[in-house]
Structure formats: C-alpha cells, structure tokens
Amino acid sequence: MLSISSLASKGPLFCRTTVGSSTLKTLSAPIQHGRSLVGGIVSKNNLHSAAGNFSDPRHDKTVHVTNSRGVNIIHDPLLSKGTAFTIDERERLSIRGLVPPRCQGIDKQILRIKRNLSYCESPLAKFIFLSALQDRNETLFYKLLIDNIEELSTVIYTPTVGLASQKSHSIYRRSRGMYFSSQDRGNMSAMVYNWPHDDIDVIVVTDGSRVLGLGDLGANGMQIPIGKLSLYVAGGGIRPRSVLPVVLDVGTNNKELLNDPLYLGMDHPRLEGDAYYAFIDEWVKAITSRWPNTLIQFEDFKHPHAYNILNKYRNKITCFNDDIQSTSAITLAGILASLKARGKSQKDLSKERIICVGAGSAGVGVCEGIIDCMISQGRVKTREEAYQSIYMLDQDGLLGNHALAIKDPSHVVQTSKRAHDLDERQLCYVKKDLPDRMNLEDLVEAIKPTVILGLTGIKGVFTEKAIRTMAKYEEKPVVFPLSNPDSHAECTAEEAFNWTEGRAIFASGSPFKNVVLKNGKIGHTNQCNNSYSFPVNKDSLLFYQGLGLGITVSRASSVTSSMFLETAKVIANMATDEQLKKGILFPSVSELRSVSLKVATRICEVAYEEGVATAKLKEGEMLNEVVKNSMYYPEYVPLVHHTHY
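No experiment lies behind these values; they were computed from the predicted model shown.

Draft legend 1. Structural context of the overall build of the protein. Helix and strand counts for the protein come out as 26 helices and 26 strands. Considering the protein as a whole, with its 645 residues, one finds that 61% of them fall into the buried category. Within the protein, residue pairs in contact and separated by at least 24 positions form 72% of the contacts whose partners lie at least 6 positions apart. Element-wise, carbon and sulfur atoms account for 51% of the exposed surface of the protein, whose accessible area totals about 25,300 Å².

Shown next, in the form of structure tokens:
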C-alpha cells in the first residue's frame, strides 16, 4: 500500500476561494503529526503539488471565513444553512431577523424536505423540487441525496434526467454551470474568469449532440453534466464548489427545438467540420489556461466527434470520454463478474462469444475495453485474435464479408451498400467468415453467443426469437441492454427473464425493477452504465466517481487505459458469492461511498505506478486514509465574517 509521510505544521492553513460575489476562506487546524498532506510542500497560505497550486479538501471541514454577510449569505447555496444558523452566527453575519427565529438543525430540515418531496406526484416534479433545493442549499441537498441515494438517484439522473433534458427549456428556473456558444468564439479565454471559483477539480462537458438515447438536444443537454456532477459529489466526495457543468452550444439539428420559442440555445444548425473542431480547441485552451489541472469528462458527444476529440486531447490534458471509456469499463466489470456467477474464471474472457448490437462510439468503446482486458490476461497472442471473440452489428446488420453476402442474399438487408461507411475502428470487427449484414436472429443461431450487449438507443432490438435461441444453447445467458433511458432499452428485464425461463444474468443502462419469476423466485436486475454501481440495481455510479476522486487526490496529469482496466477488475470482485448466485453482479447501494473509496485508492496507486501522479508522496500515512479524508461529506461548519477575506 502506498503511503504518505507525517508532516508537522506550526500554524493554521488557509485556502482561499470565491463564492458568488464573496470570498470564502477555509480555516483549518494545524496539521497534526501523522496526518500529512497530499501534494507535498505546505506554506502558510498555499498548498503545492508538482503541477501547481491547489487546495487540500481535507482542510475544508472546520471553519469557513467569508467576506459575505446579510442576505448574500442566505442566498448563497454554498454558504446557506437555512434555518440552521446558530444565534451567534446570525449576529456576526448580520442575518438576525432575516430567518425564522427558531434554530432547526439539518435533521429537522431533512424531515421537512422529505415531507414536501412526498407531495410531488411525478418524477419530473421531484426533479424540479430537488433542483430548487440544490440552488438554495447545497449542503442540505447532498445530505438528502447521500442518505436516500437508492430512491433519489433515479430522480436526479437516469431515467428522469432524460425527460428533464427534453423539457429543460420549459422548466428552466436558475442558471447552473457555464454555457459556451457559437457566438462566444474568440472570447472564451476571458469568459472562463466569469466563473467565481478558483479551484475546479472536475468538469463534465457535453455538446448535447447525443444525449442518452434521445439524440440531439442542443443546449438542453446541460442537465446531463449537472446530474453527473451531483453524483460525483454524493458518491465520490468531490467538493460541490470544485465541480463545473458545461454545455458547448454549437447549435442543434433538432427542428422541434429550433421551432420552439422557449428554446434557450443557439437557433441555428450545428457547426460541423473544421468550424466545430476549432470551437472545441478554443474551449479546451480556455479551460486549461485557468484550470490546467482539472479533470475534463466528455459526455454525450456523437460519433465520430467523441472519438476524434478523445484521440486529440487524451495525451495532452487530463480527460476521458465517459461514453467510450467508463461505459466500457463498467460493462467489462459486469462481464467479468458474470463469469464468476457462471462458475468460470475471469481469465476465460477470451473464450466468450460476445455479440454487440450497436457500432457507434459507445459500442466500439465498450468492445475495445473488452479487447484490452483479453490482451492483458495473456490468453490471446494478438489484438486481431481477440477481435474474433466479438461480433458487431450496426443498423444494417453484422459487420461481415460482403462477398459472402452477395452469394447468400437471404441473410442480408436488400440494399446496395451500408447507410454509413465503416471507419477504421469498426473495420477491426468485420468477420470474414460470415456474410455482411446478417441479421441478429440468424447470427445468434450461427455462433451461439454467451453474451449479448445492446448499445443502439432503439427499443426492442433484442427480439424474443434471438434471446430464446440464445437461452437454448447457454444455461445462463448474459443479456445487457445498455441504452438509456429505459424507454429506449433493447429489451426490458421482464422480457429477458421470461424469454430465458428466469435464467438470464441481466444488466441494463437504466434501472429496471427486479422481476418476480413464475416459480416465485426473484430475477435480479443490475444497472450497468457509465457511472458505476449502485443497485436497484444502479451499478455504474461508483465507477466514474471513484475515478474522479482518485485523479483529484493524486493530481494525475493524464487518465490512462490501465486506470479503466484496473477499476473494472476492482468492481468485478466486489460482489459476494451469495450475491453472484442470485445474479447480482455489483455491490449494494449502501456501499456507494465505500466502493468509490476502493476505486479511488486503486486509481491513485495506478497513477503513481505509471508516473502520472503529480501529488508528491512520502513515507508514513496510508494512501487509502488520505483518499478517505479527502472525501467531502455534507455537514454545516461554523461561518465567520471578515471584511478583508
């Protein structure tokens, strides 16, 4: 286990950051012997790493000093305590008489919020209610979310966030995050300084071009970064003031939005080609000029932009693409766990016969992660050999041999050519021994798959015949319809269990309820999308949260392929034998933050092993303790006013 040395400090530490129009300063007790700092040198006013200045989240938990007072305190979501301000705080912050006289702590506030939340009649109404809470009191919002993550995660993220994104322009109440639009070209480097916080650890950014399975939603895609970052804070312990949701508004091709008078985004078709990539490049340079060490998570970019952006910047800045890389890793974790559930060794991955329906950025990304794992296990000699285990279909059918298709046209869609030419990544999956555009049902009969993955965004792609045929040859067929939201899933949980006589190992992109089988037993569902893991089964949350926490603590200069592979291995081994027998692949939601801690600790280890960590380590303190103590937990701390801060 990596460790950090003890480091004594004689004086208090101060970390300065701005909040709204005010400045917030964190006053911490001196570092005690045996409790040293990630990031090396400690001075009176600054914390340093090899990469530059940053504030240590472990010193954010004692006293906040602010130059704000009066109604500005009450209306600042990072500072407000609502009814929980003490009498002394009300006096020194000049808010006495501005809040109800009776002081009620966070437990009473949670009771009030839950009572009002119960009056909301629809998931969208709950989403709007919780968004309003987040806008006025983030501490209370995150306390509520952490304590009720199983129930509320489906409200603030999938599936509710899909509907909220579609209606974002209609339910808009208050701005959150930053919008960079086509009319801002040439001004982005100045714009970044409009954001009030100096320390940003994680940015989630989208261009709204492929939101979940809903397609182009333009500027309405902002709800996705907001939801993802809320889960970063709740599950990964990233500080609320250190996250930034961003939408890149390059226009939209969604005619319904363009014709809606309430739509808030740019009312022109999307930028494409050189203009689009120049826009992205200006934004990346602007962001990294102010926050050079921030982690950038690219989210819901359409194919091929998603791959092109990732390939251009992955070795230049600290970034990853959620749909390509973390969806891949959590899916890999699910498949590895399913091997254990089927009584096989995880090293037998290369012996699996995997069908992937969907050849876009997500589909190819998922399969590339599986290929990486096969290579790392040493059971295949070449990447080309590993590709033979995966059969990929696009909207036309199997990526196969066109010459064979001509000889046997009964297997193919009767078109002269594909709707789209295959790119170099898709060409790797072309099967020379099977006809091109072979349909799913015929392919299942031909190869007898053990695993089927769906990443199409099209409801019902997994037909009853295909799944029943699969179950005829496989005792425990692994069925993963991964498209979001649930209305776009390739099949439902009930269908999968009914068609396999309850024998399926099931995981989906959006949550499905467990299914009561005909024999009275329970068909357990797992959620497997790009966030990692919390059941109902919402099993992808902890992936990107743990990744983000580990990169933040280690101050990694890049996000490496090994980080995703190692994270998948950690997650795949967390379910107990008893859970695996029931078809449960991932830990329960009650372990949300503990799983994130384990993932983050392993990410830190990988960062140091590969030489990309810039936070300096010395002998002494255990790394997992450093990660644990860096995690944000929502609690009210004393507020002190000082004019000069």
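Draft legend 2. Structural context of the layout of surface pockets. Considered as a void within the structure, the largest pocket measures approximately 990 Å³ in volume. Together, 39 residues line the largest pocket, and R210, G360, S361, L455 and T456 are the ones closest to its centre. Those elements that place two or more of their residues in the lining of the largest pocket are α14 (322-341), α15 (361-377) and β13 (390-394). By residue number, the principal contributor to the lining of the largest pocket is α15, which donates three residues.

Draft legend 3. Structural view of the sheet that holds strand β14 (residues 397-398). Sheet architecture is open: seven strands sit in the order β14-β13-β12-β17-β18-β19-β22, paired in mixed fashion. Each edge of the sheet is formed by a strand with only one pairing partner; in this case those strands are β14 and β22 (525-527). Where strand β18 (residues 478-481) and strand β19 (residues 505-508) come together, two bridges link them in parallel fashion. When the sheet's bridge partners are listed, V479 is paired in β19 with F506. Across the sheet, α14 is in contact with β17 (451-454), β18 and β19; its angle to β18 comes to roughly 160°.

Draft legend 4. Structural view of the packing of aromatic side chains. In total, this model carries nine aromatic pairs according to the counting rule given. Joined through ring pairs, the aromatic side chains of F141, Y142 and Y632 make up one cluster. It is R425 that lies over the ring of Y307; its NZ or CZ is 4.1 Å from the centre. The side chain of K431 reaches across the aromatic face of Y391, ending 5.1 Å from its centre.

Draft legend 5. Just the pattern of salt bridges, in detail. All told, the structure shown has 33 salt bridges when counted by the stated rule. With a shortest N-O distance of 2.8 Å, R96 and E91 are connected by a salt bridge. What makes E91 partly exposed here is its relative accessible area of 49%. For R437, the salt bridge identified is with D436, shortest N-O distance 3.7 Å. Each of the two residues, R437 as well as D436, counts as buried. Residues joined in a network through salt bridges with shared partners are E566, K569, R602, E605 and E609.

Draft legend 6. A look at the sheet that holds strand β10 (residues 295-298). Taking strand neighbours across the sheet as the criterion, the five strands line up as β7-β9-β8-β10-β11 in an open arrangement whose pairing is parallel. The open sheet has two free edges, formed respectively by β7 (178-181) and β11 (319-321), since each of these has just one partner strand. Shown here is a sheet whose adjacent strand axes are inclined to one another by a mean of 20°, direction ignored. Sheet topology note: the strand β8 (residues 202-206)/β10 ladder contains four bridges and is parallel. For V204, the partnering residue across the bridge sits in β10 and is Q297.

Draft legend 7. Focus on the nonpolar core. If you look at the biggest cluster of nonpolar residues, it comprises 146 residues, and the most contacted ones within it are L130, F180, W283, I370 and M563. Not counting chain neighbours up to four residues away, the residues in contact with F180 comprise M188, M191, V192, V246, V247, L248, D249, F279, W283 and I287.

Draft legend 8. Spotlight on a positive patch on the surface. A cluster of basic side chains, namely R102, K108, R112 and R115, defines a positive patch on the protein surface. Classification of K108 as partly exposed rests on a relative accessible area of 42%.

Draft legend 9. Looking closely at the packing of helix α10 (residues 223-236) against helix α25 (residues 592-609). With their axes 8 Å apart at the nearest point, α10 and α25 run at an angle of 90° to one another. As judged from the angle between their axes, α10 and α25 are roughly perpendicular. On α25, the residues that touch V233, A234, G235 and G236 of α10 are L592, R593 and S596.

Cut-offs used in this document
- Residues numbered from 1 in each chain as written.
- Predicted model: local features only at pLDDT ≥ 70, side-chain atom pairs only at ≥ 80, totals over all residues.
- Heavy atoms only, no water.
- Helix = DSSP H or I, 4+ residues; strand = E, 2+ residues; numbered from the N terminus.
- Buried < 20%, exposed > 50% of the residue type's maximum accessible area, 1.4 Å probe, protein only.
- Contact = heavy atoms within 4.5 Å.
- Areas by Shrake-Rupley, 256 points an atom, 1.4 Å probe, with all protein chains shown as cover.
- 1 Å grid on protein atoms, 1.4 Å probe; cavity = no way out; pocket = protein on both sides within 12 Å on 5 of 7 lines; lining within 4 Å.
- Points joined across faces, edges and corners; volume = space filled by probe spheres on them.
- Pairing = 2+ DSSP bridges.
- Axes fitted to C-alpha atoms, helices over the stretch in contact; angles between N-to-C directions.
- Phe/Tyr/Trp six-rings, centres within 6.5 Å; stacked < 30°, edge-to-face > 60°.
- Lys NZ or Arg CZ within 6 Å of the ring centre and 35° of its normal.
- Salt bridge = Lys/Arg side-chain N within 4 Å of Asp/Glu carboxyl O.
- Core = buried A, V, L, I, M, F, W, Y, C linked by side-chain atoms within 4.5 Å.
- Patch = residues over 30% accessible without salt bridge, like charges linked within 9 Å, V, L, I, M, F, W, Y side chains within 5 Å.
- Lys, Arg positive; Asp, Glu negative; His and termini not counted.
- Charge placed at Lys NZ, Arg CZ, Asp CG, Glu CD.
- Parallel < 35°, antiparallel > 145°, perpendicular 65-115°, else oblique.

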